[in-house]
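Working through the structure, step by step
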Amino acid sequence: MSVGSVLIKNAKVLIGKEFVEGNILVEDGKIAALGKKDFPAEKVINAEGQPVVPGGIDIHAHVYDPQYTQNEDWKSGSLAGAFGGLTTLIDMPLRVYVDNLDVLRLKVEEAKKNSYLNYGITAGFMNGENKDSIPDLAREGVKTFKVFTARPFKAEDYDIIEVFEQVANVNGVVVVHAEDDPLIELGEKRYKSLDDPSYYHLHRTDNAEAAAILKVGFYALETNVSLHIAHLSSAKGLQAIEFLRRYYSRVTVETCPHFLYFTRDDTLRLGNYIKVAPTLKTQADRDALWRGLESGEIDVYASDNAPAPRSEKEKDAWSAWGGVPNLEIMMPFLYTFGVEGRRISVETFIDVTSRNPARILGVYPVKGEIALGSDADLVVLETRKPRRISASTHHHKVDWTPWEGLELKGHPLHLLVNGVPIIEKGELVGKPGHGVYVGLLARRLRKGE
């Protein structure tokens, strides 16, 4: 899995709240030494005084669906993720249900062959008909189980409770798309006759998000399951999270780059190309999400990557595909607008991109940390020279991006996965096949192996 020993020299490593200059020695894919000593190694990588951080762990990315490989696949998605500073991707179901061992094994095998990064699989969409598959899926390394409270994959309330109980029994995590379906239906009645992208974003409101979060939060409290709220989009949703945490500590939440940058006003410029669900909200919501990241109320920064060909985007506002390509901008976006924009600290940057996702997945500190014995999933960030985002040069399958023309710092100067260089001096040097299945890693760690 490794290339022998690797020395990353002239790096800045965050110790506490300060960057300390030093070297990192990697042996057999793990961090073997940290310090100012010039350790001997078979390969030397010069960090040129740039910061090195744990590789990003994206716990919510639509990467591979066997029926939608024109959208993304493991090769394109993991390559885009690598250039976005990620070293681990957790694939989220897109359309094909991941609720049986055949589909799970197909996804794992495709990732094993074609992914440049570590990989994991979220099962879903869980409901009353497939809930009994949860123990078998968990035994094969599934940690996270997706549930919808709303269309198009809505589970009934009484089934959601039973799914929560099953997931709790296997020490898993329920990942919930939390929007209230009756309120969405009300929004459709109000706006669906209007073919305008801005009305699509108006029909799924912050009230719908907050109402669903509160409901599933109390379901989680009753069943004692670990609950993770996907793609938080609103200030009211964040307030619902804050309320739940008065009573229940096993609730985590993520937000995404599109909610930290775009508002529904941007549909005037980008139309359906920024159609997503949950919908884009207001500037006040966007600002609240940034505050939530820095305060620690939002635990995780995830992509919700879900691109599709132009033909799927250039339809009417209601039937157009929902989703954007986000993997390649992940770490650079948050570094540029978060750290350099003084919205978040470097510690928060590492927490939400690496440490907290690893904790949720049960693989911390083997993953998500720079420490002796941790896996060498490392990124040297290029913080001096910005890189311009363009669909003509990105590694996603689709030939468009809503981030076109954005200049970002924090791209990987060097990137290692389990000690294997994948990117050096900003260029691809590695091949697929060096990642590990983090689901089985988590199982081994639970057993103390």
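Calculation criteria
- Residues numbered from 1 in each chain as written.
- Predicted model: local features only at pLDDT ≥ 70, side-chain atom pairs only at ≥ 80, totals over all residues.
- Heavy atoms only, no water.
- UniProt positions renumbered as here; feature names shortened; annotations may be inferred.
- Helix = DSSP H or I, 4+ residues; strand = E, 2+ residues; numbered from the N terminus.
- 1 Å grid on protein atoms, 1.4 Å probe; cavity = no way out; pocket = protein on both sides within 12 Å on 5 of 7 lines; lining within 4 Å.
- Points joined across faces, edges and corners; volume = space filled by probe spheres on them.
- Nonpolar A, V, L, I, M, F, W, Y, C, P; charged D, E, K, R; others polar.
- Buried < 20%, exposed > 50% of the residue type's maximum accessible area, 1.4 Å probe, protein only.
- Salt bridge = Lys/Arg side-chain N within 4 Å of Asp/Glu carboxyl O.
- Contact = heavy atoms within 4.5 Å.
- Core = buried A, V, L, I, M, F, W, Y, C linked by side-chain atoms within 4.5 Å.
- Domains from an automatic or database assignment.
- Lys, Arg positive; Asp, Glu negative; His and termini not counted.
- Polar contact = N/O pair within 3.5 Å; in protein donor to acceptor, adjacent residues only side chain to side chain.

Points about the UniProt feature "domain: Amidohydrolase-related" (unreviewed entry) in the chain
The feature "domain: Amidohydrolase-related" (unreviewed entry), as annotated in UniProt, sits at residues 52–420 in this numbering. Helix makes up 38% of residues 52–420 and strand 15%. Its end C-alpha atoms lie 15 Å apart.

Observations regarding the layout of surface pockets
Approximately 640 Å³ is the volume found for the largest pocket. Listed by contribution, the elements that provide at least two residues to the lining of the largest pocket are strand S9 (144–148) and helix H6 (197–203). Per-class residue counts for the lining of the largest pocket are 13 nonpolar, 9 polar and 9 charged.

Let's talk about the environment of glutamate 110
Secondary-structure assignment places glutamate 110 in helix H2 (residues 101–114). With a relative accessible area of 19%, glutamate 110 lands in the buried category. Taking the C-alpha atoms as reference points, glutamate 110 and phenylalanine 243, separated by 133 residues in sequence, lie 41 Å from one another.

Remarks on the pattern of salt bridges
Proximity of charged atoms lets side chains of opposite charge pair with each other. Going through the model one piece at a time under the given rule, you end up with 26 salt bridges. Close ionic contact of lysine 409 with glutamate 340 constitutes a salt bridge, the shortest N to O distance being 3.9 Å. Of the two residues, lysine 409 is situated in the loop between strand S16 (407–408) and strand S17 (411–417) and glutamate 340 in helix H13 (residues 330–340); the sequence distance between them amounts to 69 residues. When its relative accessible area of 24% is taken as the criterion, lysine 409 is described as partly exposed. Residues arginine 355 and aspartate 351 are paired through a salt bridge, measuring 3.1 Å at the closest nitrogen-oxygen approach. Residue arginine 355 and its partner aspartate 351 are located together in helix H14 (residues 346–361), separated by 4 residues, close to a single helical turn.

Examining the environment of threonine 252
Note that threonine 252 resides in strand S12 (residues 251–255). C-alpha separation for the pair threonine 252 and alanine 230, spaced 22 residues apart in sequence, amounts to 8.9 Å. Setting aside residues no more than four positions away along its own chain, threonine 252 makes contact with Leu227, His228, Ile229, Arg245, Asp299 and Ile360.

With respect to the nonpolar core
By size, the foremost hydrophobic cluster in this structure holds 97 residues, and its most contacted members are Phe145, Phe164, Val176, Ile229, Leu334 and Phe349. Both domains that furnish three or more residues to this core are identified here as domain 1 (6–52 + 374–382 + 408–447) and domain 2 (55–361). Not counting chain neighbours up to four residues away, the residues in contact with phenylalanine 145 comprise Thr122, Ala123, Met126, Ile134, Leu137, Ala138, Val167, Val170, Val173, Val174 and Val175. Val6, Ile8, Val13 and Val52 belong to the second-largest nonpolar core, a separate cluster that totals 16 residues.

Notes on the side chain of glutamate 328
Its place among the elements puts glutamate 328 in the loop between helix H12 (310–313) and H13. For the buried glutamate 328, no salt bridge is present, and the opposite-charge side chain at shortest range is arginine 387, 5.2 Å distant. Looking at glutamate 328, its side chain comes within polar contact range of the main-chain nitrogen of histidine 395, at 2.8 Å. Leave out the neighbours within four places in its chain, and glutamate 328 touches Ala80, Phe83, Gly84, Thr393, His394, His395, His396 and His411.

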